[in-house]
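Chains, contacts and geometry: an overview
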Amino acid sequence: MDYTSSYFAIIRQTLFNSRENDLSSDYKQIMQIAAKQSTVALHAGALLNNEQVDPNLRKWLQAQYAYNIQAQMTRGKWMMNIVKILQDNNIPVVLMKGYSLAVLYGNPDLREQGDVDLYVGKERYHEACELLRNAYPNSFWQSEEEGSKHFIFIPKEDMSLIVELHHQTAEFTAEKDTLYWLSLEAEGMTKNLGTIAGTSLRTPEPAFNAIYIFVHLWHHFISTGCSWRQLTDWALTLRESKDYIDPQKLRRQLTALHLLKPWQALGYLVCKRLQLPEDTMPLYTDKYRHLAKKLDTLILRDGHGGRKQHYFHLMKRPANRIMQIIRVLGQIAENFAFLFPLFPSIAIRESIHKLWK
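Let me begin by describing the structure that accompanies this report. (Residues numbered from 1 in each chain as written. Predicted model: local features only at pLDDT ≥ 70, side-chain atom pairs only at ≥ 80, totals over all residues. Heavy atoms only, no water.)

Before going further, it helps to examine the overall build of the protein. Within the protein, the regular secondary structure consists of 15 helices and seven strands. Here the C-alpha atoms of the protein give a radius of gyration of 21 Å, agreeing with the 21 Å that 2.2 N^0.38 yields for 357 residues. Projecting the C-alpha coordinates of the protein onto the three principal axes gives extents of approximately 55 × 45 × 45 Å. Within the protein, counting contacts between residues at least 6 apart in sequence, those at least 24 apart form 63% of the total. Put simply, the protein shows about 17900 Å² of open surface, and 52% of that area lies on carbon and sulfur atoms. The averaged location of the 37 negative side-chain charges in the protein is 5 Å from the averaged location of its 42 positive side-chain charges. (Helix = DSSP H or I, 4+ residues; strand = E, 2+ residues; numbered from the N terminus. Rg over C-alpha atoms; globule rule 2.2 N^0.38 Å. Contact = heavy atoms within 4.5 Å. Areas by Shrake-Rupley, 256 points an atom, 1.4 Å probe, with all protein chains shown as cover. Lys, Arg positive; Asp, Glu negative; His and termini not counted. Charge placed at Lys NZ, Arg CZ, Asp CG, Glu CD.)

A contiguous nonpolar surface patch, about 260 Å² in accessible area, is contributed by I322, M323 and I326. Within the secondary structure layout, M323 lies in helix α14 (residues 321-339). Its relative accessible area of 32% is what places M323 among the partly exposed residues. (Patch = residues over 30% accessible without salt bridge, like charges linked within 9 Å, V, L, I, M, F, W, Y side chains within 5 Å. Salt bridge = Lys/Arg side-chain N within 4 Å of Asp/Glu carboxyl O. Buried < 20%, exposed > 50% of the residue type's maximum accessible area, 1.4 Å probe, protein only.)

Once that is clear, we can look at the pattern of salt bridges. With the rule as written, the count across this model stands at 10 salt bridges. Residue E130 is joined to R133 by a salt bridge in which the shortest nitrogen-to-oxygen separation is 3.0 Å. Here R133 and E130 lie together in helix α6 (residues 125-135), a separation of three residues that amounts to about one turn. Overall, the relative accessible area of 38% leaves E130 in the partly exposed class. Taking relative accessible area as the criterion, R133 reaches 17% and is therefore assigned buried. The partner of D296 in a salt bridge is R273, and the shortest N-O contact between them spans 2.8 Å. Of this pair, D296 sits in helix α12 (residues 289-302) while R273 sits in helix α11 (residues 260-273), placing them 23 residues apart in sequence. You can call R273 partly exposed: its relative accessible area is 21%. One continuous salt-bridge network, built from bridges that share partners, spans R301, D302 and R307.

Turning our eyes to something else, we now look at the packing of aromatic side chains. Tallied over the entire structure, the rule returns 16 aromatic pairs. Consider the rings of F208 and Y212, whose centres lie 6.2 Å apart with planes at 5°: the pair is stacked. Placement of both F208 and Y212 in helix α8 (residues 206-223) is noted, with a separation of four residues, approximately one turn of the helix. Just as F208 is buried, Y212 falls in that class too. Summarising the aromatic geometry, the rings of W234 and W263 are spaced 4.9 Å apart at their centres and angled 80° between planes, so their arrangement reads as edge-to-face. Taken together, the residues span a long stretch of sequence, with W234 in helix α9 (residues 228-241) and W263 in helix α11 at a distance of 29 residues. W234 gets classed as buried once you look at its relative accessible area, which sits at 0%. We classify W263 as buried; its relative accessible area is 0%. (Phe/Tyr/Trp six-rings, centres within 6.5 Å; stacked < 30°, edge-to-face > 60°.)

Of all hydrophobic cores here, the largest spans 82 residues; its most connected members are W181, W218, F221, W234 and L266. When residues in this core are grouped by element, the largest group, 11 residues, is from α8. Beyond its immediate stretch of four places on either side in the chain, F221 contacts C226, L295, L298, I299, R307, F338, L342 and F343. Counting residues in hydrophobic clusters, the runner-up holds 25 residues, among them I82, L86, V93 and F153. (Core = buried A, V, L, I, M, F, W, Y, C linked by side-chain atoms within 4.5 Å.)

Burial of strand β5 (residues 163-166) is two-sided: the residues V163 and L165 facing one way and the residues E164 and H166 facing the other way are all buried. Judged from the four bridges that link them, strand β2 (residues 116-119) and β5 form a sheet pairing that is parallel. Considered in β5, the bridge of V116 is made with V163. (Pairing = 2+ DSSP bridges.)

Right, let's talk about the environment of I352 for a bit. By the element assignment, I352 lies in helix α15 (residues 344-356). With 20 residues separating them in the primary sequence, I352 and I332 have C-alpha atoms 9.3 Å apart.

For an α-helix, 3.6 residues make a turn, and residues three or four places apart therefore share a direction. For α12, with 14 residues, the first-to-last C-alpha span of 20 Å sits near the 20 Å given by 1.5 Å per residue. Listed as buried for α12 are L291, A292, L295, D296, L298, I299 and D302. On the buried face of α12, the contacting elements are α2 (27-36), α8, α9, α11 and α14. Directly after α12, the chain includes G303, whose backbone phi takes a positive value near 65°. (Expected span 1.5 Å × (residues − 1).)

With that settled, the discussion passes to the environment of D2. Looking at the element boundaries, D2 is found in the segment before α1 (3-15). On the basis of relative accessible area, D2 is assigned to the partly exposed category, the value being 45%. In this structure the C-alpha to C-alpha distance between D2 and S24, which are 22 residues apart in sequence, comes to 5.6 Å. A distance of 2.7 Å separates a polar atom in the side chain of D2 from the backbone nitrogen of S5. (Polar contact = N/O pair within 3.5 Å; in protein donor to acceptor, adjacent residues only side chain to side chain.)

By themselves these figures say nothing about function.
Written out as structure tokens, the structure is:
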């Protein structure tokens, strides 16, 4: 088994109870993929149980795994403190994305930690932002400009931690799509919420969470690149939410958002790489298998936020108005060039709406 296949075999073995044999002994190459795909903690935790791993590499794996455990504990403490501040002021909070998904890994320490994402909705969003400013006056924060879906807060005591306070879970290029999404969000983030056992933390309604996790990874894919950590999150979310998902309702939602084809292409890829039964993927089809191979190559190449940025994306925002327009048009052209060979109709639609804006 080559090292790329072994990378996926470790995910299957660790999270999906698959029996894997003949793993590649090229552990450094496996960990290089893991670093790009934001799954270092998962693969480090798995390889620490392998007696064939070189002692020097084992030390590095132990350090990486220990760092993730410490990061998990630190983020957990900060999150609970912030949630308490908001709940003490009767502001409802829903835990989104990363930290809430860690429990799906069986051992939460296996999921590489990222930001802490909390949803408070629009009604009391500015009040919530002000509470955090007052509670942590010396911290770094990014002003919640109109149109931005969240307020970014970095505590001075731990500059590695990013807290995102959301009044909106996602934003689309087309205003019509955003409005439709907000209608889904209105129910998915307020009714039939899930919980994390032993805590006061609420999580999104399961069926909404499944499509939300997908939308989030899709937006990463079309901008800076998504990772197998995000695709694994999605697979685990679907496994957890399968009894709540109505396939026909999901089809209508994805069709309205123009995301049915991406869902099915990436869904095929996830099932093949993780060797999951077809019935674990709602709306499964193999008609996009050739496209899935292209997506596989791009995701392994780019990983999380690693897509090579070209001239106009690297260009600093100019002061001159004409140059600002040229920069934006250049960025639209670069995005179009990436997306069109994969999803032509989406590329055209995205470009039109960006130009309209």
